[in-house]
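# Structure assessment
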Amino acid sequence: MKHRFLPVTEADQKEMLKTIGVSEINDLFSDIPEKVRFKGEYKIKPAKSESALMKELTALAEKNADLISNSSFLGAGVYDHYIPVIVDHVLSRSEFYTAYTPYQPEISQGELQAIFEFQTMICELTGMDVANSSMYDGGTALAEAGMLSTGQTKRKKILISSLVHPEAKDVVKTYAKGQRIEIQEIPHVNGVTDVEALKELINDEIAAVMVQYPNFYGRIEPLKDLEEIIHAHKALFVVSSNPLSLGVLTPPGKLGADIVVGDAQPFGIPTAFGGPHCGYFAVTQKLMRKVPGRLVGQTTDEEGQRGFVLTLQAREQHIRRDKATSNICSNQALNALAASVAMTALGKQGVKAMATSNIQKANYARKAFKNAGFEMAFEGPCFNEFVVKLSRPVKEVNKVLLDKGIIGGYDLGQDDENLSNHMLICVTELRTREEIDTFVKEMGDIHA
């Protein structure tokens, strides 16, 4: 069977209506006053047969610029990475696919162990002591880190690098508005956070300083230099990080970060038009009891066998509202499982090799663009993204590229008018040398 939908016959409808004690479907709306009921016809197409509907939907789907028939150089927070085939196989198992909240540990050991393994791998990647069982996405994880910081320090001001993903910054500012927390941006120099500006802006009223590693322009931030300045004022150091990059970069936890957050999308989660994703949230042991969301802990049962339970539940559903550290209500368990399976399938060496491939291919592309006469906006180390200056609007360039089967990079002019005609290009391990060379050639033809 292709579809999991079983149609309801007229006989089925009558039987259900009879069971609940009404004669027709309109009786279900009897509580709605007649004068406010909608009397017209909905402006929707008439029903089609199943085969005709499938043809129409397939035709619509084929209009999408998918990542199978097109080479993608678009990143900016959502990345086209290798997903081991075992990921979908495990996710499709009904015991995982249909599981929701593992409140009863005696019947949820598989789900709880999967979440525990996710937490463990995130700690290994980030160099932190404790990680929660995932959050909605990287943006909300960063915002929650800000709220934790203000609660912990009793301060009401946060400094955030201007090179944090613009959408993540917006989420932080939205959270902060309700809590009356002031957000101030730190400017950048040559594509990295301005250390001297940070020295000028920071004081003993700052709750936290947030940076992204690698940052939105793909550059590697000098975390150690930033950490010394931040901790000198007893503020918390919050780092938002691409977890794949941590396969080769020094983990933020080793460089003094207090909170490390990010999005697990690079591991086993498809781009899927931008979501759903899976945020991760890791902290030092000192902040363990302030972590939002859920934590899964390892224990033993009365017979001494290894087991798993939800523990340190600090959200408002579990404890008194005034004692809760956050009201975030759920986690992304299925996507966290996808990330866990992907990381397990790749293994420690596989993650390192995959991250290394991103660096090598991005730098190969960067050099090719330079040789083709393109100007790089920023110089210095990068992970898998870099910024190229164009002679035409990025929107126009991307339209021409799409006609040639290439999904171009991100238009930075959308977020910063000073970077109009600048494209953020992403090169992952999936891009071949032939695809990169073709991309550079086509860009050169448009640029000429």
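Residues numbered from 1 in each chain as written. Predicted model: local features only at pLDDT ≥ 70, side-chain atom pairs only at ≥ 80, totals over all residues. Heavy atoms only, no water.

## Here's the deal with the sheet that holds strand β13 (residues 375-376)
Taking strand neighbours across the sheet as the criterion, the four strands line up as β13-β14-β17-β16 in an open arrangement whose pairing is antiparallel. Each edge of the sheet is formed by a strand with only one pairing partner; in this case those strands are β13 and β16 (410-411). Alignment of strand β14 (residues 385-389) against strand β17 (residues 422-426), held across five bridges, turns out to be antiparallel. Directly across from Val388, in β17, lies its bridge partner Met423. With respect to the sheet, helix α10 (residues 333-371) is in contact with β13, β14 and β17, its orientation differing from that of β14 by roughly 10°. (Pairing = 2+ DSSP bridges. Helix = DSSP H or I, 4+ residues; strand = E, 2+ residues; numbered from the N terminus. Contact = heavy atoms within 4.5 Å. Axes fitted to C-alpha atoms, helices over the stretch in contact; angles between N-to-C directions.)

## Topic: the environment of Gln349
Among the structural elements, Gln349 can be located in helix α10. Counting along the chain gives 96 residues from Gln349 to Asp445, while the straight-line C-alpha distance between them is 39 Å.

## Quick look at the sheet that holds strand β2 (residues 130-131)
An order of β2-β10-β9-β8-β7-β3-β4 is seen for the seven strands of this open sheet, with the pairing classed as mixed. What marks the edges here is a single partner per strand, and that holds for β2 and β4 (182-186). Relative to strand β8 (residues 236-241), strand β7 (residues 206-213) runs parallel, the two sharing six bridges. Within the sheet, the bridge partner assigned to Met210 lies in β8 and is Val238.

## So, helix α5 (residues 109-126)
The terminal C-alpha atoms of α5, which comprises 18 residues, lie 26 Å apart, in line with the 26 Å expected from a rise of 1.5 Å per residue. Within α5, the full set of buried residues consists of Glu111, Leu112, Ala114, Ile115, Phe116, Phe118, Gln119, Met121, Ile122, Cys123, Leu125 and Thr126. Looking at the residues trailing α5, positive phi occurs at Gly127, about 75°. (Expected span 1.5 Å × (residues − 1). Buried < 20%, exposed > 50% of the residue type's maximum accessible area, 1.4 Å probe, protein only.)

## Looking at α10
Helix length check: α10, at 39 residues, gives a terminal C-alpha distance of 45 Å against a target of 57 Å (1.5 Å per residue), a shortfall beyond 12%. The sharpest bend along α10 comes to roughly 95°, located at Gly347. Just downstream of α10 lies Gly373, where phi reads positive at about 95°. (Bend = angle between axes of the 7 residues up to and from the residue.)

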